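Listed below, chain by chain, are the residues.
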Amino acid sequence: TLIDNHDMIRFLSDCGGDPKKLEQALGFLFAVRGTPHVYYGTEVGMAGPTHENRKEMQWDKNPELTDRFRQLSGARASSQALQVGHQQELQVGDHTYAFSRMLPEEEVVCAFNNSDDPVTLTIPLGKESQIPDGAVLTDMLGQGQAVLGEDRTLEVTLPARGFHYLQWKE
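Attention in this report is confined to the structure presented alongside it. Predicted, not measured: the structure shown is a model, and the values here were computed from it.

### Topic: the overall build of the protein chain
Within the protein chain, the secondary structure is distributed over four helices and eight strands. Along the chain direction, N to C, the helices and strands of the protein chain fall in the order α-α-α-α-β-β-β-β-β-β-β-β. For the protein chain, the spread of C-alpha atoms along the principal axes amounts to about 55 × 30 × 25 Å. Scored against the burial criterion, the 170 residues of the protein chain give a buried share of 48%. Across the protein chain, contacts joining residues at least 24 apart in sequence account for 58% of those joining residues at least 6 apart. Within the structure as shown, the protein chain displays about 8700 Å² of accessible surface, and the carbon and sulfur contribution to it stands at 49%. The centroid of the 15 positive side-chain charges in the protein chain is displaced by 5 Å from the centroid of its 25 negative side-chain charges.

Below, the structure is given as structure tokens:
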């Protein structure tokens, strides 16, 4: 899985230079099935059309994006569910999407908001979910937590163009 490479326009150029869109695309890339492939420079926000894709690496171009990239790759590396877990779609909206990556002993609910406004989602867990009622799920990216309600739903508030990885471990 990839969002750009040397044969195509860099993602940051393709999304109008919006670093939040790039961050969200990387968040999605590191959460979905498949092995994420990142072309050099994407993690620092290098932009450019196809003919400029082989410029020298700009190491210190965007330290905040680079830190977020490290956080995302660390979350994936620390989670067996994100690496090899079964993926189940949980919620689809006009600007929102949520799915779960699950193993018997771990589940990560990944929720995305692609709108320009914050949104609160009510995400129903799938039938295969192992998460017990009342369980507390921790955001792997350090942005809070969510509690599973008795009706087997999670209520999650997402910032504009934001996302969460909510992890439960047995």
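### Digging into the environment of Val119
Relative to the assigned elements, Val119 resides in strand S4 (residues 119–124). Looking at Val119, the relative accessible area reads 24%, which means it is partly exposed. Distance from Val119 to Phe11, taken between C-alpha atoms, is 25 Å for residues 108 residues apart in sequence.

### Some words on the sheet that holds strand S8 (residues 163–169)
Spatially, the six strands line up as an open sheet ordered S1-S2-S3-S8-S5-S6, and their pairing is antiparallel. Each edge of the open sheet carries a strand with a single partner, namely strand S1 (86–92) and strand S6 (145–147). Ignoring strand direction, the axes of neighbouring strands in this sheet form an average angle of 25°. Pairing between strand S3 (residues 106–113) and S8: seven bridges, direction antiparallel. In the strand pairing of S8, Phe112 is matched with Phe163.

### Brief notes about helix H3 (residues 63–77)
When the terminal C-alpha atoms of H3 are compared, their 21 Å separation across 15 residues agrees well with the 21 Å that a helix rising 1.5 Å per residue should span. Within H3, burial applies to Leu65, Thr66, Arg68, Phe69, Leu72, Ala75 and Arg76. Looking at the buried side of H3, the elements it contacts are helix H2 (19–31), helix H4 (80–84), strand S2 (96–103) and S8.

### What about the layout of surface pockets?
Here the largest pocket defines a volume of roughly 180 Å³. Lining of the largest pocket is provided by Phe11, Lys21, Gln24, Ala25, Phe28, His95, Thr96, Tyr97, Phe112, Asn113, Asn114 and Arg161. At the level of elements, H2, S2 and S3 are the ones that each hand at least two residues to the lining of the largest pocket. Among the elements that make up the lining of the largest pocket, the one with the highest residue count is H2 (four residues).

### Concerning the pairing of S3
Among the eight residues that make up S3, eight are buried, leaving the element largely enclosed by the rest of the structure. Across the two faces of S3 the burial is the same, with Glu106, Val108, Cys110 and Phe112 and Glu107, Val109, Ala111 and Asn113 all buried. Pairing between S2 and S3: eight bridges, direction antiparallel. Bridged to Met102 within S3 is Glu107. Two successive antiparallel strands, S2 and S3, enclose a turn made up of two residues.

### Structural notes on the packing of aromatic side chains
Per the counting criterion, the structure on display carries nine aromatic pairs. Seen from their ring centres, Phe28 and Phe112 are 5.5 Å apart, and the 70° between their planes marks the pair as edge-to-face. A residue pair is termed long-range when its members are at least 10 positions apart, and Phe28 in helix H2 and Phe112 in strand S3 qualify at 84 residues. Seen from their ring centres, Phe163 and Tyr165 are 6.0 Å apart, and the 45° between their planes marks the pair as tilted. The structure contains a cluster of three or more aromatic residues connected by ring pairs, namely Phe28, Tyr97, Phe99, Phe112, Phe163 and Tyr165. Stacked on the ring of Tyr40, the Lys or Arg Arg10 has its end atom at 5.4 Å from the ring centre.

Quick notes on the rules
Residues numbered from 1 in each chain as written. Predicted model: local features only at pLDDT ≥ 70, side-chain atom pairs only at ≥ 80, totals over all residues. Heavy atoms only, no water. Helix = DSSP H or I, 4+ residues; strand = E, 2+ residues; numbered from the N terminus. Buried < 20%, exposed > 50% of the residue type's maximum accessible area, 1.4 Å probe, protein only. Contact = heavy atoms within 4.5 Å. Areas by Shrake-Rupley, 256 points an atom, 1.4 Å probe, with all protein chains shown as cover. Lys, Arg positive; Asp, Glu negative; His and termini not counted. Charge placed at Lys NZ, Arg CZ, Asp CG, Glu CD. Pairing = 2+ DSSP bridges. Axes fitted to C-alpha atoms, helices over the stretch in contact; angles between N-to-C directions. Expected span 1.5 Å × (residues − 1). 1 Å grid on protein atoms, 1.4 Å probe; cavity = no way out; pocket = protein on both sides within 12 Å on 5 of 7 lines; lining within 4 Å. Points joined across faces, edges and corners; volume = space filled by probe spheres on them. Phe/Tyr/Trp six-rings, centres within 6.5 Å; stacked < 30°, edge-to-face > 60°. Lys NZ or Arg CZ within 6 Å of the ring centre and 35° of its normal.

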